Number of protein chains: 2
Amino acid sequence: MPLKLSWVASANGADHPFPLNNLPYGVFSTAGTDPRCGVAIGDMILDVRAAHAAGLITVGGTRVFDPPSWNAFMALGQDAWADLRDRLTAMLAQGSDAQAALEPHLVAANAAQMHMPIEVAEFTDFYAGRHHATNVGTMFRGADNALPPNWLHMPIGYNGRASSVVVSGTDIRRPWGQIKGPGDDTPRFAPSQRFDMELELGAIVGTPSDGPLSVQDAFDNIFGYVLLNDWSARDIQAWEYQPLGPFQAKATATTISPWIVTAAALAPFRCDAPVREVPLLDHLRDAGPMGYDIDLAVTLTPNGGAPTTIARTNANALYYSAAQQLAHHTAAGCPMRTGDLLGSGTISGAEPHQRGSLLELAWGGQDPFQLTDGQTRSFIEDGDTLALSGHARGDGFTVGFGACVGTLLPALATPYAR
Amino acid sequence: MPLKLSWVASANGADHPFPLNNLPYGVFSTAGTDPRCGVAIGDMILDVRAAHAAGLITVGGTRVFDPPSWNAFMALGQDAWADLRDRLTAMLAQGSDAQAALEPHLVAANAAQMHMPIEVAEFTDFYAGRHHATNVGTMFRGADNALPPNWLHMPIGYNGRASSVVVSGTDIRRPWGQIKGPGDDTPRFAPSQRFDMELELGAIVGTPSDGPLSVQDAFDNIFGYVLLNDWSARDIQAWEYQPLGPFQAKATATTISPWIVTAAALAPFRCDAPVREVPLLDHLRDAGPMGYDIDLAVTLTPNGGAPTTIARTNANALYYSAAQQLAHHTAAGCPMRTGDLLGSGTISGAEPHQRGSLLELAWGGQDPFQLTDGQTRSFIEDGDTLALSGHARGDGFTVGFGACVGTLLPALATPYAR
């Protein structure tokens, strides 16, 4: 599939993240206006609420774009998703006679502030990066117990905290927590000293369900994807995570990119899963190519400094697809709702420079890595800005995710000052 | 504090769960009517929405009782909670001149169907029963590793799934899941054979927060309590729970009792925590008596059979209070929302007949227990009804929780039939 040309000229570059082939959905505002639904096209945002109110878009009921989130639209289901994409593609295409009617509803993206694109119903974080699981397992439990016995049989995950999911650009406050080092007699309550990030994709459930889903049905229920940084306090995690899993280590914040790249836009980039070392049970078996070929990168920028790309990897390294994760999530009957967010797990490749967390890049602090300005890092320092990026590369076009950025603020002097 | 007398005569018994001293909040409907907020008084329910619409209750804005849940009211905060309780107490008291005006808004409880009293924002399940943690730890990890090293230092918990919380009376479907026994070479996907219940209290967050809470602030933010049965598939749990905690084992359903017993109603029953074997860190230190003296019991009734009380214990066995759990939940900055539900963890006493789960009562199937009709149980069988009950006993009055009941239906022949 080649680049689709739009009358929004800035969208017609081979490297632009938001060509007509993409059409990601977000929620934006401009100075003095309310947050509302929009779609990115080149350097512009089409105000979907306004276009809907003007009768240019007719999908859904009259109120579907009234709230400042995509949840109501997502709940309409697959046919509505296809209708809106078809309609937007036609209206924004070069030569469309809708140009004059739409132009008043375009806003320059650089004049817009982005907000959370969805109300997150619940957040689940998985662990589907095999290299990540092996690396972390080696550090936490030793090489002999690196990959848990269940790992090759099911997509391991845990429930996270929807209330702590924030949109790109939100500052992150270094947390306090209970910490006990290997040499400590007793725990203490102190600011985390091993604060980390995790490079992930987030899958957004569009269609709700109320019982076990097949892998194919799960795939069909996923509306789209975002970049996701699951900020992680490794020192809190090491002391708390046995026996019931991560809790406060993951409770400070999870950042997502503001644009939902739809499953439809990513369809050309579907790819097969890695080779299965052991066959999956029937209910989790691959039902077609449901992974994605998406280049991913992480940059770290110290306060006032220059960015260093600290990791480059690809989403095709994930052992389990979001569809398999969602299917597993429902196996025991768990109801899923519109707006449920599923983190993929940290995406690390086989090579050292492909590791999606500082924990892995600096091997638990044993091997600090260097930034372009000569500084070194083992974990995130106050003032550091972490940015994730993602791009699927087509034949003469790109489907990009936009930014997933957060800056770490110093811990409060005391968390109970207020 | 003695029994407070009401003009609703049925409320004036020393053993009635819903005297004027209690005034628990729920959501009810009668044949052909919508679910709406109500308060239990004796054998009657006062229609709070109707009383509010009639101007008899003025707390909150005009719309606070429009939705069929208590969330909007809970979000008003402590002063509003006290105002409503004071107003209801005065109007329902013996001799009140409001009797004639209120009587048209009373409904017989036995003609009402109960619904979820709140929209659950997110659900967290803790593990604060020391005897339970020790018993399960012994079975899962051996006596030497029974109590995890962190357990005496913080209230261990994990995030659960709000979408699976159901109200008392909802049937529970035996789940399928991935299971691998100790002697199995590979896992299989099959109906759970070790399906269990857990006797817990649930604390409901009323006041939202956005940063670390002290134990006292956390206590003040809790609106009330329900009984909570955290249904658990032990065979799924054993295979999945390492390293990231319980997931599908706890995803089928969690049942809560329909009446929220407020923190205010339970104030006379506050008690000190168990003796601390090691001192808690400052931010978790006891800030007064924040445990509760509540008698708890579990009955099991086979399909068509007679009930057997299989466990009797008391909430005062919990090592951590809900306030300490909520404080810990926020330590790393996690925002909490109105409607967050915190399970206490299974409440087991020191004695065998005080154990709050079948896993413990039958010691993992090694020691099946007997029902009154001679049947034995290791885990729940199809058709069994499990009922939790809770009562705080005052001087001539009782504050009861009402029923928390669920019946186990057989597993589907295949979970993917639909």
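Residues numbered from 1 in each chain as written. Chains lettered and ligands numbered in written order. Predicted model: local features only at pLDDT ≥ 70, side-chain atom pairs only at ≥ 80, totals over all residues. Heavy atoms only, no water.

**Observations concerning the packing of aromatic side chains**
Residue and element names in this part refer to chain A.
- With the rule as written, the count across this model stands at 38 aromatic pairs over all chains.
- Seen in terms of ring centroids, Phe73 and Phe223 are 6.1 Å apart; in terms of plane orientation they differ by 75°. Their pairing is edge-to-face. Of this pair, Phe73 sits in helix α2 (residues 71–74) while Phe223 is found in strand β14 (residues 222–230), placing the two residues 150 residues apart along the sequence. One exposure class covers both Phe73 and Phe223, and it is buried.
- Through a chain of ring-to-ring contacts, the aromatic side chains of Tyr25, Phe65, Trp70, Phe73, Trp81 and Phe223 assemble into a single cluster.
- In this structure, Arg276 packs its charged tip against the face of Tyr320, placed 5.8 Å from the ring centre. (Phe/Tyr/Trp six-rings, centres within 6.5 Å; stacked < 30°, edge-to-face > 60°. Helix = DSSP H or I, 4+ residues; strand = E, 2+ residues; numbered from the N terminus. Buried < 20%, exposed > 50% of the residue type's maximum accessible area, 1.4 Å probe, protein only. Lys NZ or Arg CZ within 6 Å of the ring centre and 35° of its normal.)

**What about the nonpolar core?**
- Counting 80 residues, the largest nonpolar core has A:Met197, A:Tyr225, A:Leu266, A:Ile294 and A:Ile310 as the members making the most contacts within it.
- When residues no more than four places from it in sequence are discounted, the contact partners of A:Ile294 are A:Leu201, A:Leu266, A:Thr313, A:Asn314, A:Ala315, A:Gly390, A:His391, A:Ala392 and A:Phe401.
- By size, the runner-up hydrophobic cluster in this structure holds 78 residues, among which are B:Trp151, B:Val166, B:Trp231 and B:Leu284. (Core = buried A, V, L, I, M, F, W, Y, C linked by side-chain atoms within 4.5 Å. Contact = heavy atoms within 4.5 Å.)

**Some thoughts on the sheet that holds strand β1 (residues 25–30) of chain B**
Residues and elements named next belong to chain B.
- Strand order in the open sheet made by the five strands is β4-β3-β2-β1-β5, with antiparallel pairing throughout. At either margin of the open sheet sits one strand with a lone partner, and together these are β4 (106–108) and β5 (112–115). Strand-to-strand, the axes of this sheet are offset by a mean angle of 50°, without reference to chain direction.
- Contacts from helix α3 (residues 78–92) reach β1, β2 (36–41) and β3 (44–47) within the one sheet, and its direction differs from that of β1 by about 60°. (Pairing = 2+ DSSP bridges. Axes fitted to C-alpha atoms, helices over the stretch in contact; angles between N-to-C directions.)

**Observations regarding the relation of the copies chain B and chain A**
- In screw terms, the move from chain B to chain A is a rotation of 180° and a rise of 0.0 Å along the axis, fitting with an RMSD of 0.0 Å. Here the copies are linked by what is in effect a two-fold axis. Scanning chain B for the C-alpha nearest the rotation axis identifies B:Gly245, at a separation of 2.1 Å. (Least-squares fit on C-alpha atoms with pLDDT ≥ 70 in both.)

**As for the pattern of salt bridges**
Residue and element names in this part refer to chain A.
- With the rule as written, the count across this model stands at 32 salt bridges over all chains.
- With a closest N to O distance of 3.0 Å, Lys250 and Glu198 form a salt bridge. Taken together, the residues span a long stretch of sequence, with Lys250 in the loop between α7 (234–240) and β16 (254–256) and Glu198 in the loop between β12 (195–196) and β13 (199–205) at a distance of 52 residues.
- Lys250 gets classed as buried once you look at its relative accessible area, which sits at 8%.
- Among the charged side chains, a network of salt bridges with common partners joins Asp196, Glu198, Asp230, Arg234 and Lys250. (Salt bridge = Lys/Arg side-chain N within 4 Å of Asp/Glu carboxyl O.)

**Overview of the sheet that holds strand β1 (residues 25–30) of chain A**
Residues and elements named next belong to chain A.
- Taken in spatial order, the five strands make up an open sheet running β4-β3-β2-β1-β5, and their pairing is antiparallel. This sheet does not close on itself; its edge strands, each paired only once, are β4 (106–108) and β5 (112–115). Each strand axis lies, on average, 50° off the axis of its neighbour in the sheet, ignoring direction.
- Relative to strand β3 (residues 44–47), strand β2 (residues 36–41) runs antiparallel, the two being bridged by four bridges.

**A look at the interface of chain B and chain A**
- At the junction of the two partners, chain B supplies 59 residues and chain A supplies 59 residues.
- Here chain B and chain A share an interface that buries about 5500 Å² over both sides, 59% of which is from carbon and sulfur atoms.
- Of all residues in chain B, B:Arg161, B:Leu244 and B:Phe247 bury the most surface against chain A, accounting for 16% of the area lost on that side.
- At the surface where chain B touches chain A, the tally comes to four salt bridges.
- The closest approach of N and O atoms between A:Arg161 and B:Glu122, which form a salt bridge, is 3.5 Å.
- In this structure, the connection of chain B to chain A is made through 24 residue pairs in polar contact (both at pLDDT 80 or more).
- Of all the secondary-structure elements, those providing two or more residues to the side of chain B that touches chain A are β6 (123–126), β7 (157–159), β10 (176–179), β11 (188–191), α7 (234–240) and α9 (322–330) of chain B.
- Residues that form the side of chain B that touches chain A fall into these classes: 30 nonpolar, 20 polar and nine charged. (Buried area = accessible area lost by both parts, 1.4 Å probe. Polar contact = N/O pair within 3.5 Å; in protein donor to acceptor, adjacent residues only side chain to side chain. Nonpolar A, V, L, I, M, F, W, Y, C, P; charged D, E, K, R; others polar.)

**Here's the deal with the domain arrangement of chain A**
All names here are of chain A.
- Domain parsing of chain A yields domain 1 (9–115) and domain 2 (123–409).
- Between domain 1 and domain 2, the C-alpha centre-to-centre distance is 28 Å.
- Each side of the interface is counted separately: domain 1 has 26 residues, and domain 2 has 26 residues.
- Both sides of the domain 1 and domain 2 interface together cover about 2000 Å² of buried area, and 67% of this is carbon and sulfur.
- Counting the surface domain 1 buries against domain 2, the share from its top three residues, Tyr25, Met74 and Trp81, is 27%.
- Counting only elements with at least two residues in the side of domain 1 that touches domain 2, the list comes to β1, β2, α2, α3 (78–92) and β5.
- Classifying every residue of the side of domain 1 that touches domain 2 by side-chain character gives 15 nonpolar, nine polar and two charged. (Domains from an automatic or database assignment.)

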